Amino acid sequence: MNFLKKSLFFACVLIISLSFASCSGVKGGTGSGGGTGGGTGGGGTGGGTGGGSGPFTIGGTVLGLVGTGLVLQDNGGDDLTVTGTGTVSFTFKTAVTGAYNVTIKTQPSNQVCSVANSSGTATANVTSAQVNCAATYTVSGTVSGLQGTGLVLQDNGGDDLKISGSGNVNFTFATALLANANYAVTIKTQPTNPSQTCVVSNGTGTIIGSVNNVQITCPQPKFPVGGTVVGLVVGTGDILELQNNAGDNLFVTGDVDFTFPTQFTFGTTYNVNLFLPPTSQVQGCNIFNATAVVTGIVSNVIVDCQHNDWGWMFPGNSAPTLNTYGTAQVNSWTSGSPIPVPPFATSNSNTPGGRDFAMAWTDKKGSRWLFGGFGFEVTHESTDGIPGYLNDMWVWPTSPNSGQDDGWWIPGGWLPANLPIIHDSVANTFKADTTRLQFKGRPASYGTLGIGASCATPGAACTEPGARWGGITWTDASGNLWMFGGQGVASGQFGLLNDIWEFDMTSCSYDVTTGTGTFTNCQWIWRGGSSLANPSATATFPGGRWGAASYTDSTGNVWMFGGQGYDSAGTVGLLNDLWKYNIAAGTWTLVSGTTTANQNGAYPASAGTGGAGFVPGGRQTAVLWVDLSGNTWLFGGFGLDSKGTSGTAGTGSQQIGSVLNDLWKFDPVAGQWTWVSGSNLANQNGVYGTQGISNATTNAAATNVPGSRWGSIGWTNPDGNLFLFGGFGFGSQGTQPTGFLNDVWEYQLSTGEWIWWKGSVDVNQPGTYITSPIDFFQLSYTNNAVGARRGAAHWVPDPSGFVYVFGGEGYAGAGGPYGALNDVWHYLPFPTN
C-alpha cells in the first residue's frame, strides 16, 4: 500500500512537471497557477483568481434595479432574467472559454440600464461586469383640434408616432429618456383630408421627470361655400340674394357660379337659402344640396330656377315600371252630392295604364285630359299582358283654390271620367262604375249625328268614341274637347277613322270656372265624319288616317297635315295633304298638297327657298306648329324624301318611306311652302353642336339640326319659337344610329337656327328618377333626365310656361328594356330675349 502511494506521488509530480495540473487526493504544495491547491480528503480548490485554461464563469452585479423584466445575455445568448431590487449579483449559467460579452436583451420597466466592464477574454472566473440601471421618463402631451388624418410626430428626430383619432387626442412617445437628456418634439407629417397646419408648444427641454405638457395645436381648417345658379332667365331683374346660415348676404346676377365671402370651419353646418328671388321670371327657384356639414370645399349648391329642367311629376316614390296596368277607384257619394273632385289633401292610387299615341287636351280651367291610346287597360282578374286599343277617359283636375299647377303638386290626382253611375237604392248612394275601364278594343257608339247621351244616366245607351290611337285633338273657345280620326274601332269595324267627336264640358256638372263638380256625366257628341272605318278622302273631308300632325292657331283654326290613311282613290298610304278645320263652321278646307297618297317631296334647289310647286312629301307622325304670325311649320316624320327613299323589304313585302328631318314653313297668305332646313334625303344623323346653357348663351348655330325621327312631340313656346322633344330615329352616333330619343330642340325664328337644349346625343337613354339622398319627386332639377320615348301625349304650355308629357313607348329606369310608359314629366323652356 505504501508502495502504491509512493508510486502515485511520483506520477503526480511527473504530471505536474509536464502540465502544471494538480492531482486530486494528493496533499501537494503551492501550485504554479497561483491558487490554493487541494482540499481536505484529496480534493483541491478549483480555478483561483490566477490564470488558467477555463472554462470560467461570467458574472457581476446589477446596481439600482427597480423595475422588472431585465434580461441579460452573454455572447448574444444564454438569456438570464434578473430579479430583485437594488444591488443584485448575477452569474450566467454557461461557463466560457475565451471571449465574453455581456449585453442587455430586455430593459426593465421604467428604467434604462447600461453595462460596464462588459467584455473581454476570460482567464479566470469573471465577477466584474457591472449593470447600472437608472430611471427613465416618458415624453407625452395632447393634440387638440385634429380633424384630418396622417399626422406623424417625432422626438429628437426619430421615434415616429402616428396620431389617430380626431378632436383632442393624447399621445406618448414609445422611447423613454434618462434624466438630464434633451427632448425635441417636432411634426414630421401634417394631417390631410382635410389639410391642417398644426404647431407645437412646449416641445423642447431637458428631462428632469416625465414630460406631459407638450401641446400640438391644429387650427380648424376653413373652407368656402358656393355653387351655381342654373335655369335663370338672364335679363332685367336677374339678381337674386342668397344667404348662408341666415347671414353672409350675397347678391348673384345671372346664371353664374358663386362663393360666399365667409369661409366656414371644418364640421360647421352650412344652410343656403334664397332671401330675395329674381324678378326676371315668374317661376320660383329651388335650392338643391342646400345644407350639410362642411368637410371640405363646398361647390355643389345648386340654385335651380327651373328653366331647361325636367320635373318628374307622377307616379312617385320610385321609378315607374314598364307596361303597367292602370288603377281606378272612385268613392261612392250620397244622392245630391257630387263625386269628390279631387282629393287634394291626400293622394290617390289612380293612374292610366302605360300607352303610346294617346290623345290629350287642356280645358279652360287648366285641367288636363287624356283619352285612349295603345296600351294597357285598368287592371282586372283576366289580364293577359297584351296591350290593346283603349277608349278610357282620364282627367287630372286643377285645384279650384289657386293657380294652374296646384293639382300637379300633390302625390296623385288622376280621376277616371265619363263613367256610368250605379245607384244603390237601399243605401241611397251612387258610385261610378270603373269596370268599363278594364276593356280593350271597345267599339264606338255614335248615336245620332249632333246629339250626345251621357254614360252617367243609369240604363241609357251613351254615345262615345271607339278605342283608338294616333288621333288629333283640339280645345275650342268654350273649353270643349274635340278629337278626329286615328286607328281603332268604329261602330263595329277596325281600321282608319275620320270621325269628329266633341266632349261637351257644358253638359257636365263640372264647373270650368270654379273647377268644382263631377266629370262622370259629360257627353260625347259625334259631330262629323264616317261611323265606318277606312273612309276615303273627298274634296271637303279628309279620309281616315293615323299619325297626322296638327296644331291649333290663335284664331281657333285647326291645321292638320298628312298621316297614313286613305286618299281620294281609296288607296292607303303616306299623305301630304294640309287641311284647315273651322271649328265654328264645322268645315274642312284642303289648303295644300294632294288627295293622292305616297307623294315624294318636291324640294327647291337649296334650303331657304320656296314657291309654287314645292311641297313636303307624304308622311306620318311628323310634328306641326303654328307660330304667332300664323305660319304653319312641319318637321320630320316617317315619309318620302325627294327620291322616295324606302327601306329594304323581303320577298312579298313592301315598305314605302323612311325617316325624315326636313323643316318646312307654310305661309297661309301666299299659300306656299318653303323648305327651311334639314335634308331633302332621309335617314340623317343629328348635328348637335354645343348644348345651350341659358337664354343668354343659347349656343345656336347654323349647322345644328336634329336627326331624322318620327313620333316626336312639339309645341310653340309663348315667345313664338318652336320646340321639339324625343321621337324614334337618328342620334349623332354612327355606331347605333337609330333608337328612342330624349333630346330637346328649339328652332329660333329670329335667327333661323336650331338650339340643342337638353337630353343625350345618343339613343335609348333611360330616365333618372332621383329618390336619394332626398326624394326629388315633383321638383324641377337640372340633373333630372326623362327617358327616351316616342308617341308621348303632351299638354301645351300652361300660363307658367310648363309643358307636360305623359307616357309613350320608350325607356323608364336604367337597364331597359323599353315598353309602354305611364309617367308624367314637365319641362320649362327658356324664353327668348
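Residues numbered from 1 in each chain as written. Predicted model: local features only at pLDDT ≥ 70, side-chain atom pairs only at ≥ 80, totals over all residues. Heavy atoms only, no water.

Quick look at the state of the cysteines
Using the following cut-off: Disulfides are defined as pairs of cysteine sulfur atoms found within 2.5 Å of each other. Strands are runs of DSSP state E lasting at least 2 residues, helices are runs of H or I lasting at least 4, and numbering of each runs from the N terminus. In this scheme, a residue with accessible area under 20% of its type's maximum is buried, one over 50% is exposed, and one in between is partly exposed, where area comes from a 1.4 Å probe on protein chains only.
Overall, the coordinates contain four disulfides when judged by the stated rule. Note that C198 is cross-linked by a disulfide to C218, the S-S spacing being 2.1 Å. With the S-S bond torsion at 105°, the cross-link from C198 to C218 turns out right-handed. In this pair, C198 sits in the loop between β14 (182–189) and β15 (199–201) while C218 sits in the loop between β17 (211–217) and β18 (222–223), placing the two residues 20 residues apart along the sequence. Look at C198 and you get buried, because its relative accessible area is 4%. The side chain of C455 participates in a disulfide bridge whose partner is C462; the two sulfur atoms lie 2.1 Å from each other.

Focus on the environment of G466
Checked against the element boundaries, G466 lands in the loop between β36 (429–432) and β37 (468–469). Along the backbone, G466 and A444 are 22 residues apart, and their C-alpha atoms lie at a distance of 3.5 Å.

What about the pattern of salt bridges?
Keep this limit in mind: In the sections that follow, a salt bridge refers to a side-chain nitrogen of Lys or Arg positioned within 4 Å of a carboxyl oxygen of Asp or Glu.
A full pass over the atoms with the stated rule returns 14 salt bridges. D160 serves as the salt-bridge partner of K188, at 2.6 Å between the closest nitrogen and oxygen. In this pair, K188 sits in strand β14 while D160 sits in strand β11 (residues 158–162), placing the two residues 28 residues apart along the sequence. Overall, D160 belongs to the partly exposed group, its relative accessible area being 43%.

Some details on the environment of F541
Let me state the cut-off plainly: Any two residues having at least one pair of non-hydrogen atoms within 4.5 Å are treated as being in contact.
Considering the arrangement of structural elements, one finds F541 in the loop between β41 (523–528) and β42 (545–546). Every residue in contact with F541, bar those within four places of it in the chain, is listed here: F484, N498, I500, G528, G529, W579 and W588.

Things to note about the confidence of the model for the chain
Inclusion rule: Each residue carries a pLDDT value, the predictor's own confidence for that position, ranging from 0 to 100.
When pLDDT is averaged across the chain, the result is 87; 87% of the residues are at 70 or more. Long-range and interchain partners of residues 1–50, a stretch whose pLDDT sits below 50, account for 25 contacts in this model, where long-range means more than four residues apart. In the model, residues 335–346 has pLDDT below 50 throughout and makes 27 contacts with residues more than four positions away in sequence or in other chains.

Overview of the sheet that holds strand β7 (residues 119–122)
Under the convention used in this document: The pairing criterion for strands is at least two bridges between them, as found by DSSP. Axes here refer to lines fitted to C-alpha atoms; in helices the fit is confined to the stretch in contact. Angles between the N-to-C directions go from 0 to 180 degrees.
The strand order across the open sheet formed by four strands is β3-β2-β5-β7, and the pairing between neighbours is antiparallel. In the strand order of this sheet, the two ends are held by β3 (77–81) and β7, each with one partner. Across this sheet, the average inter-strand angle for adjacent strands is 30°, counted without regard to direction.

Overview of unusual backbone geometry
Here the bond from N193 into P194 is cis, since omega is 5°, no more than 30 degrees from zero. If you trace the backbone, P194 turns up in the loop between β14 and β15. For the bond running from F314 to P315, omega is -15°, close enough to zero to count as cis. Relative to the elements of secondary structure, P315 occurs in the loop between β28 (309–314) and β29 (333–334). Look at A246: it is not a glycine, yet its phi comes out positive at around 60°. Within the secondary structure, A246 sits in the loop between β20 (239–244) and β21 (247–253).

What about empty space enclosed by the protein?
Formally: Here a cavity is any set of points on a 1 Å grid over the protein atoms alone where a 1.4 Å probe fits but cannot get out, and a pocket is any open set with protein on both sides within 12 Å along at least 5 of 7 lines; a residue lines the site when it has an atom within 4 Å of a point. Grid points are joined across faces, edges and corners, and a volume is the space filled by probe spheres set on the points. Gly is put with the polar residues, along with every residue not named as nonpolar or charged; the nonpolar set is Ala, Val, Leu, Ile, Met, Phe, Trp, Tyr, Cys and Pro, and the charged set is Asp, Glu, Lys and Arg.
Tallying each qualifying case throughout the model produces one cavity of 30 Å³ or more. The space that makes up the largest cavity amounts to roughly 100 Å³. Surrounding the largest cavity, 13 residues form its lining, N391, D392, M393, R436 and E464 being those nearest its centre. Residues that form the lining of the largest cavity fall into these classes: seven nonpolar, two polar and four charged.

So, the environment of S201
As for its placement among the helices and strands, S201 is situated in strand β15. Its relative accessible area of 31% is what places S201 among the partly exposed residues. Along the backbone, S201 and Q215 are 14 residues apart, and their C-alpha atoms lie at a distance of 5.0 Å. Filtering out sequence-adjacent residues up to four positions away, S201 remains in contact with N213, V214 and Q215.

Considerations on the packing of aromatic side chains
The criterion, for reference: When the centres of two rings from Phe, Tyr and Trp lie within 6.5 Å, Trp using its six-membered ring, the rings pair. Their planes under 30 degrees apart give stacked, over 60 give edge-to-face, and anything left gives tilted. A ring has a charge above it when a Lys NZ or an Arg CZ is no more than 6 Å from the ring centre and no more than 35 degrees off the ring normal.
Going through the model one piece at a time under the given rule, you end up with 54 aromatic pairs. Between F357 and W469, the ring centres sit 5.5 Å apart and the planes meet at 85°, which makes this aromatic pair edge-to-face. Highlighted residues: F357 in the loop between β30 (355–356) and β31 (359–362) and W469 in strand β37, separated in sequence by 112 residues. Above the face of the Y804 ring, R368 is positioned so that its terminal group lies 3.9 Å from the ring centre.

Comments concerning the side chain of S780
This is how the line gets drawn: Here a polar contact is recorded for every N or O atom pair within 3.5 Å, except that within protein the pair must consist of a potential hydrogen donor and a potential acceptor, and residues adjacent in sequence are included only if both atoms are side-chain atoms.
Turning to its location among the elements, S780 is positioned in strand β58 (residues 780–781). Within polar-contact distance, the side chain of S780 engages the side chain of Q306 at 3.1 Å. For S780, the side chain forms a polar contact with the side chain of H826, separated by 3.0 Å. Apart from the residues within four sequence positions on either side, S780 is in contact with N286, F288, D304, Q306, D309, W310, G311, F802 and H826.

Brief notes about the pairing of strand β27 (residues 298–304)
When a strand is regular, its side chains alternate between the sheet's two faces. Most of β27 sits out of view: five of its seven residues are buried. Strand direction decides the pairing type here: strand β19 (residues 225–230) and β27, joined by five bridges, are parallel. Bridged to G227 within β27 is V301. Where strand β25 (residues 286–288) meets β27, three bridges bridge the pair, whose relative direction is antiparallel. Each bridged residue has a counterpart across the sheet, and for N286 the counterpart in β27 is D304.

Describing the nonpolar core
Burial of nonpolar side chains together is a common tendency in soluble globular proteins. What counts is decided by this rule: Only buried Ala, Val, Leu, Ile, Met, Phe, Trp, Tyr and Cys residues count toward a nonpolar core, and they belong to the same one when joined by side-chain atoms within 4.5 Å.
Counting 34 residues, the largest nonpolar core has W310, W673, W715 and F725 as its most contacted members. Setting aside residues up to four positions removed in sequence, F725 forms contacts with W310, S712, I713, W715, N742, D743, V744, V786, G787, R789 and V805. Among the nonpolar cores identified, the runner-up in size contains 24 residues, and L370, F430, Y804 and L828 belong to it.

Details of the sheet that holds β14
Strands sit in the order β11-β10-β14-β16 across an open sheet of four strands; the sheet is antiparallel. Looking at the sheet topology across the chains shown, the edges are occupied by β11 and β16 (204–206). Across the sheet, the axes of successive neighbouring strands diverge by a mean angle of 25°, strand direction being ignored. As paired strands, strand β10 (residues 152–155) and β14 are joined by four bridges and run antiparallel to one another. Each residue of the ladder has a partner; that of V152, found in β14, is T189.

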